Amino acid sequence: MSAASHRLKRTGLLGAGVVILFAVTVLLGSYTVTIPDFFRILMAHLTDGEKIPGASFIVMENKLPRAVLGILIGVAFGLSGGLFQTMLRNPLASPDVIGISYGASAAAVLAIVVFGASGAAVSAAALAGAIGVALLIYAISRGSGGRGSGGQGSGGRGNAASNRLILAGVGIAAVLGAVVNFLMTRADIRTASEALIWLNGSLNSANWERVGILLASLAVLVPALAILARPLRMLELGDDAAAGLGIRVNAVRFGLVITAVALAAVATAAAGPVAFVAFLAGPIARRFLGRPSLPASSFIGALIVLAADYFAYNVAPLVLGGTVLPVGVITGALGAPFLLWLLVTSNRKEA
């Protein structure tokens with residue numbers, strides 16, 4: 001079996017895993033639904049037929065949109081993280097680390113605390129904040145590049161630009177984190193609790209409207225990403241080599257950054273900054289396939305969100321006496337040790 005066939009088979013296994021976990025999320029849990037009942041409920045909903053009291057609402061207005069939104073969010077974060085990490089050739093380059101999620105968080109908390117916004121207005125503020133901060137980071141990283149980096153050889157300028165972008169993002173993230181903390185201290189208890197729930201990332205507000213908006217966004221962004229995938233592979237060779245192959249390096253990198261930011265922004269707007277999904281998906285996919293893969297990153301992202309939400313919504317209440325955790329708490333608990341492990345292993349390789 002060729003390497004390409006092996007990777008395709010493994011990617012197919014990840015896709016099958018998403019389907020299985022989706023079925024588990026919808027059918028099992030605190031309210032169990034049999035497969036025949038699920039299809040009966042689904043057909044009744046689609047054809048305005050006779051509905052099963054209680055069960056129809058639980059499945060069609062709670063479990064199903066929650067699971068679908070979880071998949072879409074995981075796909076968006078997985079693609080965004082994998083794209084950043086591949087483009088910048090750095091496993092730390094994800095929206096969680098370089099400040100984009102902090103931009104969305106700061107804008108959303110500002111809208112909640114200062115303007116009393118809720119619902120779609122908070123999502124719109126988060127979207128604008130993520131894109132605005134991303135443009136600022138990109139401008140700072142481009143503006144801080146000197147001419148002296150040109151002699152670093154093929155890939156040297158690309159690595160320098162990537163490092164500048166990451167450092168600029170980390171610095172801005174620290175500032176925005178302080179802004180969020182300040183706003184939280186100035187808010188009353190009710191407003192602060194509302195903002196805190198959003199900051200942790202949650203699928204509790206999942207509905208078909210959010211699913212439709214996110215699905216429409218991905219219908220635009222995923223084809224755009226597919227178009228940019230070939231130049232992305234060229235950029236992995238280094239800026240000089242890519243330019244020699246006829247790639248407009250700056251234009252392509254800007255397009256990739258905007259696409260990756262938009263993916264993270266629409267996912268954050270839909271459910272809040274679900275921590276570390278974008279950071280985890282790419283490295284796990286790389287280890288599973290042996291090379292970077294955006295499709296595998298998207299499937300890994302969906303698996304992480306679905307598994308974390310199932311645990312938070314069904315298992316954690318049994319352990320914590322009925323307390324339902326936001327999905328971001330679970331993914332954050334997974335991501336923090338992984339980040340430390342990645343830093344330790346990187347230091348060992350450099351030594």
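About the cut-offs
Throughout, a residue's number is its position along its own chain's written sequence, starting from 1. Local features in this predicted model are restricted to residues whose pLDDT is 70 or higher, and side-chain atom pairs enter the listing and the counts only when it is 80 or higher, whereas totals over whole chains, interfaces and linings include all residues. Computation of side-chain values covers all heavy atoms of the structure but excludes hydrogens and water. In this analysis an axis means a line fitted to C-alpha atoms, helices contributing only their contacting stretch, and an angle means the value between N-to-C directions, from 0 to 180 degrees. For the purposes of this entry, the term helix denotes a DSSP run of H or I that reaches at least four residues, the term strand denotes a run of E that reaches at least two, and both are numbered from the N terminus. Should an angle lie under 35 degrees it is considered roughly parallel, over 145 roughly antiparallel, and from 65 to 115 roughly perpendicular; all remaining angles are considered oblique. Handedness of a helix crossing follows the sense of rotation of the near helix relative to the far helix, less than a right angle counterclockwise being left-handed and clockwise being right-handed. When checking whether two residues touch, look at their non-hydrogen atoms; a contact exists if any pair is within 4.5 Å. Throughout this entry, Asp, Glu, Lys and Arg are counted as charged residues, while Ala, Val, Leu, Ile, Met, Phe, Trp, Tyr, Cys and Pro are counted as nonpolar. The remaining residues, Gly among them, count as polar. Given a helix with a known number of residues, its expected span is that number minus one, times 1.5 Å. Each residue is placed in one exposure class: buried if its accessible area under a 1.4 Å probe, protein chains only, is under 20% of its type's maximum, exposed if it is over 50%, and partly exposed if it falls in between. This arc corresponds to the set of directions leading from the helix axis out to the C-beta atoms. By convention, a stacked pair of Phe, Tyr or Trp rings (six-membered ring in the case of Trp) has centres within 6.5 Å and planes under 30 degrees apart, an edge-to-face pair has planes over 60 apart, and any other such pair is tilted. A cavity here means a set of points on a 1 Å grid, drawn over the protein atoms and nothing else, where a 1.4 Å probe fits but cannot get out; a pocket is an open set with protein on both sides within 12 Å along at least five of seven lines, and a residue lines either one if it has an atom within 4 Å of a point. Grid points are joined across faces, edges and corners, and a volume is the space filled by probe spheres set on the points.

1. Digging into the packing of helix H3 (residues 55-88) against helix H11 (residues 277-289)
Stage number 1. Close contact between H3 and H11 brings their axes to 7 Å; oriented N to C, the two are set at 70°. Overall, the two elements H3 and H11 adopt an arrangement that is roughly perpendicular. Seen from above, H3 lies across H11 with right-handed handedness. Every residue of H11 that contacts H3 at Gly74, Phe77, Gly78, Gly81, Gly82 and Gln85 is listed here: Val277, Ala278, Phe279, Ala281, Gly282, Pro283 and Arg286.
Stage number 2. Across the contact of H3 with H11, the residue classes tally to six nonpolar, six polar and one charged.

2. What to know about helix H2 (residues 35-47)
Stage number 1. Counted at 1.5 Å a residue, the expected span for H2 with its 13 residues is 18 Å, and the 18 Å between its end C-alpha atoms agrees.
Stage number 2. Within the sequence span of H2, burial applies to Phe38, Ile41 and Ala44. Taken down its axis, H2 places every buried residue within 135° of arc, on the same side. Away from its buried face, by an angle of more than 90 degrees, H2 presents the exposed residues Pro36, Leu46 and Thr47.
Stage number 3. Buried residues in H2 make contact with helix H1 (3-27) and H3.

3. Digging into the packing of aromatic side chains
The geometry of an aromatic ring pair comes down to the distance between the two centres and the angle between the two planes.
Stage number 1. All told, the structure shown has four aromatic pairs when counted by the stated rule.
Stage number 2. What links up through ring pairs into an aromatic cluster is the set Phe276, Phe279 and Phe338.

4. A closer look at the environment of Val68
Stage number 1. Its location among the elements puts Val68 in helix H3.
Stage number 2. Sequence separation of Val68 and Thr25 is 43 residues, and the distance between their C-alpha atoms is 9.9 Å.
Stage number 3. The contact partners of Val68, leaving out residues within four places of it in the chain, are Phe22, Trp208 and Val211.

5. Section: unusual backbone geometry
Stage number 1. Here the phi dihedral of Arg89 falls at roughly 50°; this positive angle occurs in a residue that is not glycine.
Stage number 2. Locating Arg89 in the fold gives a position in the loop between H3 and helix H4 (100-113).
Stage number 3. Taking the relative accessible area as the measure of exposure, Arg89 reaches 31% and is therefore partly exposed.
Stage number 4. Phi at Phe276 is positive, roughly 70°, even though this residue is not glycine.
Stage number 5. With respect to the helices and strands, Phe276 occurs in the loop between helix H10 (249-271) and H11.

6. Observations concerning empty space enclosed by the protein
Stage number 1. All told, the structure shown has two cavities of 30 Å³ or more when counted by the stated rule.
Stage number 2. Its boundaries defined by the atoms lining it, the largest cavity holds a volume of some 40 Å³.
Stage number 3. Of all elements in the fold, only helix H5 (120-143) and H10 reach the threshold of two or more residues within the lining of the largest cavity.
Stage number 4. Counting residues per element, the lining of the largest cavity draws most heavily on H5, which supplies three residues.
Stage number 5. Along the lines of polarity and charge, the residues of the lining of the largest cavity split into nine nonpolar, no polar and no charged.
Stage number 6. Space inside the second largest cavity adds up to approximately 30 Å³.
Stage number 7. Forming the boundary of the second largest cavity are Gly82, Gln85, Thr86, Gly282, Arg286, Pro292, Ser293, Leu294 and Ser297.
Stage number 8. Within the residue set of the lining of the second largest cavity, elements represented by two or more residues are H3, H11 and helix H12 (294-319).
Stage number 9. With three residues, the top contributor of residues to the lining of the second largest cavity is H3.
Stage number 10. When grouped by side-chain class, the residues that make up the lining of the second largest cavity number two nonpolar, six polar and one charged.

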